[in-house]
Amino acid sequence: MEAVVREWILLEKTSIESLRTFLLTYVLQRPNLQKYVREQILLAVAVIVKRGSLDKSIDCKSIFHEVSQLISSGNPTVQTLACSILTALLSEFSSSSKTSNIGLSMEFHGNCKRIFQEDDLRQIFMLTVEVLQEFSRRENLNAQMSSVFQRYLALANQVLSWNFLPPNYILLISAMFESSQNVMLKPTESWRETLLDSRVMELFFTVHRKIREDTDMAQDSLQCLAQLASLHGPVFPDEGSQVDYLAHFIEGLLNTINGIEIEDSEAVGISSIISNLITVFPRNILTAIPNELFSSFVNCLAHLTCSFGRSAALEEVLDKDDMVYMEAYDKLLESWLTLVQDDKHFHKGFFTQHAVQVFNSYIQCHLAAPDGTRNLTANGVASREEEEISELQEDDRDQFCDQLASVGMLGRIAAEHCIPLLTSLLEDRVTRLHGQLQRHQQQLLASPASGSIDNKVLDDLYEDIHWLILVTGYLLANDTQGETPLIPPEVMEYSIKHSAEVDINTTLQILGSPGEKASSIPGYNRTDSVIRLLSAILRVSEVESRAIRANLTHLLSPQMGKDIVWFLKRWAKTYLLVDEKLYDQISLPFSTAFGADTEGSQWIVGYLLEKVISNLAVWSSEQDLANDTVQLLVTLVERRERANLVIQCENWWNLAKQFARRSPPLHYLSSSVQRTLMKALVLGGFAHMDTETKQQYWTEYKQVSLWNFMVNSYMAPMSCQKVYLNLHNLNRNN
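Here the structure is a predicted model, which means the values were calculated and not measured. (Residues numbered from 1 in each chain as written. Predicted model: local features only at pLDDT ≥ 70, side-chain atom pairs only at ≥ 80, totals over all residues. Heavy atoms only, no water.)

On to the overall build of the protein. The number of helices and strands found in the protein is 34 helices and 0 strands. Looking at the protein residue by residue over its 734 residues, the buried ones come to 52%. Taking the intrachain contacts of the protein between residues at least 6 apart in sequence as the baseline, contacts between residues at least 24 apart amount to 75%. If you sum the accessible surface of the protein, you get close to 33800 Å²; carbon and sulfur atoms cover 48% of it. (Helix = DSSP H or I, 4+ residues; strand = E, 2+ residues; numbered from the N terminus. Buried < 20%, exposed > 50% of the residue type's maximum accessible area, 1.4 Å probe, protein only. Contact = heavy atoms within 4.5 Å. Areas by Shrake-Rupley, 256 points an atom, 1.4 Å probe, with all protein chains shown as cover.)

Running from N to C, helix H20 (residues 415-446) and helix H21 (residues 456-476) point in directions that differ by 150 degrees, and their axes come no closer than 10 Å. Taken together, the axes of H20 and H21 are roughly antiparallel relative to one another. Along this stretch, H20 crosses H21, giving a crossing that reads as left-handed. Contacts between H20 and H21 involve Cys418, Ile419, Leu422, Leu425, Leu426, Arg429, Arg432, Leu433, Gln436, Leu437 and His440 from the first element and Val457, Leu458, Leu461, Tyr462, Asp464, Ile465, Leu468, Ile469, Val471, Thr472 and Leu475 from the second. (Axes fitted to C-alpha atoms, helices over the stretch in contact; angles between N-to-C directions. Parallel < 35°, antiparallel > 145°, perpendicular 65-115°, else oblique. Left-handed = near helix turned anticlockwise from the far one by under 90°.)

Here we come to unusual backbone geometry. With an omega dihedral of 5 degrees, the bond running from alanine 369 to proline 370 counts as a cis peptide bond. Looking at where proline 370 falls in the secondary structure, it is placed in the loop between helix H16 (352-365) and helix H17 (386-391). Positive phi, normally seen in glycine, also occurs at asparagine 551, with a value near 60 degrees. Here asparagine 551 lies in the loop between helix H24 (529-549) and helix H25 (558-575).

With that settled, consider a negative patch on the surface. A cluster of acidic residues, Asp319, Asp321, Asp322 and Glu327, forms a negative patch on the protein surface. Here aspartate 319 is to be found in the loop between helix H14 (291-318) and helix H15 (324-340). Take aspartate 319: its relative accessible area is 47%, and that puts it in the partly exposed class. (Patch = residues over 30% accessible without salt bridge, like charges linked within 9 Å, V, L, I, M, F, W, Y side chains within 5 Å. Salt bridge = Lys/Arg side-chain N within 4 Å of Asp/Glu carboxyl O. Lys, Arg positive; Asp, Glu negative; His and termini not counted. Charge placed at Lys NZ, Arg CZ, Asp CG, Glu CD.)

Attention now goes to helix H9 (residues 198-211). With 14 residues, H9 extends 20 Å from end C-alpha to end C-alpha; this agrees with the ideal 20 Å at 1.5 Å per step. Val200, Met201, Leu203, Phe204, Phe205, Val207, His208 and Ile211 are the residues of H9 that are buried. (Expected span 1.5 Å × (residues − 1).)

The following block contains the structure:
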């Protein structure tokens, strides 16, 4: 092969053609040739064709004519050889890692690829389509014929996954290399007649319906459909052609998946098809298809999302290695985000019912029976291995953050339904938790020497509360790394819409009474729903605190403690001392309960600070919980407005003195937690204080060992400058 390329300009055209013919004939006459030898010979043929493509010394049409004859022979062995020839050509012209190193320039490979994709690649695709059409008409396929069918289906997938060079391919050298994943189908204009023929699309749907129970072939057929779903670029002459193509595709998709039970092997492929349709086609094209068809498509998307969500939950229970439904579920949730965030093409409330469906399904999958289906296997039997499995997994809020963000967004879209639902579920669980802890306490008092207590009911309650708090946190607030945290507009609008029905005094009473059931307070139905949802989580926190005071810490869940402070930190960043200048409209209940210079904000800062001190005293050995707790403290003081309220609390000064004197239990905290606590205390030192108080505060900290090391290592440079300036001024004054 290398010799031919090296001596190319010295060889006669007839000699090169004779060599190519000899190599093909050699392979044809030896059907039992070892696979490696056969593939190498065919690769040599492909290199000869590629080298001769620029100077026209090799005519590809004659090769395709020969391959066409091989295909029409009806001999499976010969048809397999024809497929191998076409595959070798594709690999050689693709300019991928499979391209032979023949010592020629990148420009040469680029030119070859550009010429090949305009006509020859299309010819290969048409030959492949002819084979697929023939095989799709046959009722029964023996093992040998199925193998041939699979080879050509894989070849079609390879063609449709081709990374087409743009017209300015010389300037975009990186585009010459095939990407192994996520290559969208963007062919040139010359492919218009081929790919916009509805019969091609229908063929691939027909093929999939025929072979869907074969796992390997189904993956190839679905990948072909996923590529066709990503079709875009100059192949479409106008918007009308895009609308027609999309409408035909969605019709074919619905006809294929409606009324069938989707196989495990189909889940990811189907979700990829839907994701590509929603991502690639512009919204104005999507909304231009017939209304009834679009409604059917969205209904199907909602049904599949709920179904895949349930199957994904079952995969977790069974601890499967290949989480195909989880991957498919994630893709569909991302598709929903793309749709619901577009308020330009879809009127408000368009997706509300679908959002309710998906949200309800997610909640149901994460609640224990009888309200939910968590840890239930396919036959409805509860799994007993949950604890062992969860020990090996990372924290749910990290592992499922993308899912939770999507579900939180859907919950905001359907706030009228989802916020009251979460409130009801949380209030019910915390009431049951309180009752269960009381029963355990009575049992322990009655029989101090009794054996172990069955904690199954408690464990189920803790897991329910865990997921309800996570979903609530993502519904009420967004992740805002590096951005100013803002109350989501849907939540703000929901609160404003119902503010006329709200009794502010009753709302503040429920907020400030976490030790009481909301339903025990007169007029509880006239409270702001968002604030009542917050109060439900504060009640969880209060039940935990009361259990600690009752010496029932051994019955509590550190995970629930983590969830509580995680939520409070997330909530405080967004809602506490809300800056009204950042909003066109502000909810009156929000500004009254959490705004600046309000009793509500002063009370809740004191409550949160008390929670921090309690956690550090009780959970010092639980590093993750202690770390989340001090992160909450950092949130309370990182904004000066909040810090000004914090330093008015006596507990803050007690905490500061305790840490400065390195007294237990703070002394038992891990070094990383202590450093974060130091950061919070330093940030608090920049709050507004009178001169004497500030001097007293910083003087206290000159006694802390390793002060300079901690500050330099864990404070921002600007903060360090402020700290040193304060210390310098104090020393000079003293």
